[in-house]
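Okay, here's what each chain looks like letter by letter:
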Amino acid sequence: LKLNKNAIDYRPLFYIELFAGLRMGEICALTPKDIDFINGVIHVRNTVTRGIDYEIKLGNTTKTHKGIRDVPINSCLVPVLKKALSNYRKNDDNLLFYNFKSNRPISTQQANSAFSRICKKANINVSGGQHLLRHTFATRAIESGVSANVLKNWMGHSDISITLNTYCNVFDKMNNKAMDMFENYCKGNLSL
């Protein structure tokens, strides 16, 4: 895919959402120093929001208090993040991803529009916008055995009930797998 000089490449943003579960506004608010390869985490500290007059602006914090967090960097993201850092261009807000054409942060709405265009071009019928990538991240994390409490922290949910209620159908599907794990434990550790 070749982009013209001023076009925004949304692919890294979508990969971060898919492999780290960040909200798009949080991704758009990342600075180069938020990518911490030494500790293997992405520091989530704020978000891009809309002001009262719908102006796109960099917020002072995240959506919720629990939204301020460190999310582990999945090894799939390392090359994506390294490339984003190598492509970084200085801007007024020191953001890793920036809309130079409009001289402002990238908005979630812009990312949604780009996601819709990409899906349409690929003949993929989706509803829900790019936020589906965040849900896909959470679903795959649960399926791989990540606990609800760990997932709550990664997702920046303010309360575990949000995580459990949002993904209850995925957790329910894990019942049989959990019983198999328990049975294997019993066979190896308990005798009657």
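Now for a quick tour of the structure.

Cut-offs and rules
- Residues numbered from 1 in each chain as written.
- Predicted model: local features only at pLDDT ≥ 70, side-chain atom pairs only at ≥ 80, totals over all residues.
- Heavy atoms only, no water.
- Helix = DSSP H or I, 4+ residues; strand = E, 2+ residues; numbered from the N terminus.
- Buried < 20%, exposed > 50% of the residue type's maximum accessible area, 1.4 Å probe, protein only.
- Areas by Shrake-Rupley, 256 points an atom, 1.4 Å probe, with all protein chains shown as cover.
- Lys, Arg positive; Asp, Glu negative; His and termini not counted.
- Charge placed at Lys NZ, Arg CZ, Asp CG, Glu CD.
- Phe/Tyr/Trp six-rings, centres within 6.5 Å; stacked < 30°, edge-to-face > 60°.
- Salt bridge = Lys/Arg side-chain N within 4 Å of Asp/Glu carboxyl O.

**Points about the overall build of the chain**
Here comes step 1: A tally of regular secondary structure across the chain gives nine helices and five strands.
Here comes step 2: Along its sequence from the N terminus, the chain presents helices and strands in the succession α-α-β-β-β-β-β-α-α-α-α-α-α-α.
Here comes step 3: Expressed along its principal axes, the backbone C-alpha trace of the chain runs to roughly 70 × 40 × 35 Å.
Here comes step 4: A buried classification covers 40% of the 192 residues belonging to the chain.
Here comes step 5: When the accessible surface of the chain is totalled, it reaches about 11,800 Å², and 53% of it is carbon and sulfur.
Here comes step 6: Of the side chains in the chain, 26 bear a positive and 15 a negative charge, and the two mean positions are spaced by 7 Å.

**So, the packing of aromatic side chains**
Here comes step 1: Per the counting criterion, the structure on display carries four aromatic pairs.
Here comes step 2: An angle of 20° between the planes, with centres 6.2 Å apart, marks the rings of tyrosine 10 and phenylalanine 14 as stacked.
Here comes step 3: Of the residues examined, tyrosine 10 reaches a relative accessible area of 10% and is grouped as buried.
Here comes step 4: Residue phenylalanine 14 is classed as buried on the basis of its relative accessible area, which comes to 9%.
Here comes step 5: Here the aromatic rings of tyrosine 98 and phenylalanine 100 are separated by 5.0 Å at their centres, their planes lie at 65°, and the arrangement is edge-to-face.
Here comes step 6: A relative accessible area of 6% means that tyrosine 98 is categorised as buried.
Here comes step 7: Residue phenylalanine 100 is classed as partly exposed on the basis of its relative accessible area of 30%.
Here comes step 8: Ring pairs connect the aromatic residues Tyr10, Phe14 and Phe115, which therefore count as one cluster.

**As for the pattern of salt bridges**
Here comes step 1: For the coordinates displayed, the defined rule picks out five salt bridges.
Here comes step 2: With a shortest N-O distance of 2.8 Å, aspartate 9 and arginine 11 are connected by a salt bridge.
Here comes step 3: Judged by relative accessible area, aspartate 9 falls into the partly exposed class, the value being 23%.
Here comes step 4: On the basis of relative accessible area, arginine 11 is assigned to the partly exposed category, the value being 30%.
Here comes step 5: One salt bridge in this structure joins arginine 23 and glutamate 26, with 2.7 Å as the shortest N-O distance.
Here comes step 6: Classification of arginine 23 by relative accessible area gives buried; the value is 12%.
Here comes step 7: Residue classification places glutamate 26 among the buried positions, given a relative accessible area of 1%.

Honestly, it's all geometry; don't read function into it.
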